Amino acid sequence: DSMSLTWGVVLAVLCGAVLHAGWNTLVKSSGDKEVDTALVHFVGALVAIPPLLLVGLPPAATWPYIAASLTVHVAYYITLAGAYKHGELGMTYPIMRGSAPLLVAIGSSFVLGESLTPLAWMGVLAVTLGVALVGLAHPGEALHHRRALIYALANACVIATYTFIDGSGVRVTAAAGHAVASYVLLLFVLDGVPYPALVWWQRDRAGRRAIVAYARTRWPLAALGGAASLGSYLIALWAMTRAPVALVSALRETSVLFATAFSVWILKERFGLQRATGAVTIAGGVIALRFA
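Asks: Residues and numbers for the overall build of the protein chain, please.
Replies: For the protein chain, the count of helices and strands is 13 helices and 0 strands. Counted from the first residue to the last, the protein chain has its helices and strands arranged as α-α-α-α-α-α-α-α-α-α-α-α-α. Here the protein chain has a C-alpha radius of gyration of 18 Å; the compact-globule value for 292 residues is 19 Å, and the two agree. For the protein chain, the residues scored as buried account for 54% of the 292 residues in total. Contacts spanning at least 24 positions in sequence make up 85% of the contacts within the protein chain whose residues lie at least 6 apart. Looking at the protein chain, you have 19 positive and 12 negative side-chain charges, and the mean spots of the two groups are 5 Å apart.

Given below as structure tokens:
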């Protein structure tokens, strides 16, 4: 079977996961989550323009996928900013990212006709369980933050949806003999417009002046964040042309481990026995996915 997870693909996706956790920590460390998320994507779009001009546009057959993905991504930013507003990174990120691969695994047989082996299912479940253990250091606490929980679960459904759309889109791109990067770069260039426009439109004149002032000081970090976000997604979608979407999706959620490490190291959150157990469970899941 040509669609299998090799160590090379595993390592690439793990690097992507580190990048992904990095830009999420960047957003979480900021004073204004909405403006920071908008800035990361706006600057990320600018970063994507030169390479897009080099590789060219993806085939026309992929444009409906890109249009659908852009629509779903707006919902992603709204639920993401909502989750971060109502709960800490250590709690919301794992719920959002952890439940998504499970939804992808359940849906991939219906949507993509990909069936998973029992070992692959064990891997997906282990990653999901590990992510829950890492993230929900106090499960009771999570239930108190009902609003954060609702946003986070909605976000997971959104992630699963665009994973299917983009996973299919890049396969169409690759089948047409185009570079996977052409799909991802065009997506990022177009994606840099709607959410920042929405944030800008929602603010009054003083709010907009504040955005400009904030952007002046934060743009170098936002450029890093945008590049990390682009690199992370490019790696994940490239991997989906090489291996089953559900396995790549689960593997990508090891970013929760890295996000936890970053939040302990940079944001000084706690790391206890439960998080350590979760980390080991995720590692076991990753190994199961590799050999599935």
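From this point, the narrative continues.
Asks: Before we move on, can you summarise the packing of helix α7 (residues 146-175) against helix α8 (residues 180-191) with the specific residues and values?
Replies: Running from N to C, α7 and α8 point in directions that differ by 135°, and their axes come no closer than 8 Å. If you check the angle between α7 and α8, you find them oblique. Once α7 is placed against α8, the crossing between them reads as right-handed. Of the residues in α8, those touching α7 at I165, D166, G169, V170, T173 and A174 are V180, S182, Y183, V184 and L187. A breakdown of the residues in the contact of α7 with α8 according to their chemical character gives 7 nonpolar, 3 polar and 1 charged.

Asks: Got a sec to walk through the side chain of S229? Specific residues and values, please.
Replies: One can find S229 in helix α10 (residues 205-240). Taking the relative accessible area as the measure of exposure, S229 reaches 6% and is therefore buried. Apart from residues no more than four positions distant in its own chain, S229 is found in contact with W23, H41 and F188.

Criteria and thresholds
- Residues numbered from 1 in each chain as written.
- Predicted model: local features only at pLDDT ≥ 70, side-chain atom pairs only at ≥ 80, totals over all residues.
- Heavy atoms only, no water.
- Helix = DSSP H or I, 4+ residues; strand = E, 2+ residues; numbered from the N terminus.
- Rg over C-alpha atoms; globule rule 2.2 N^0.38 Å.
- Buried < 20%, exposed > 50% of the residue type's maximum accessible area, 1.4 Å probe, protein only.
- Contact = heavy atoms within 4.5 Å.
- Lys, Arg positive; Asp, Glu negative; His and termini not counted.
- Charge placed at Lys NZ, Arg CZ, Asp CG, Glu CD.
- Axes fitted to C-alpha atoms, helices over the stretch in contact; angles between N-to-C directions.
- Parallel < 35°, antiparallel > 145°, perpendicular 65-115°, else oblique.
- Left-handed = near helix turned anticlockwise from the far one by under 90°.
- Nonpolar A, V, L, I, M, F, W, Y, C, P; charged D, E, K, R; others polar.

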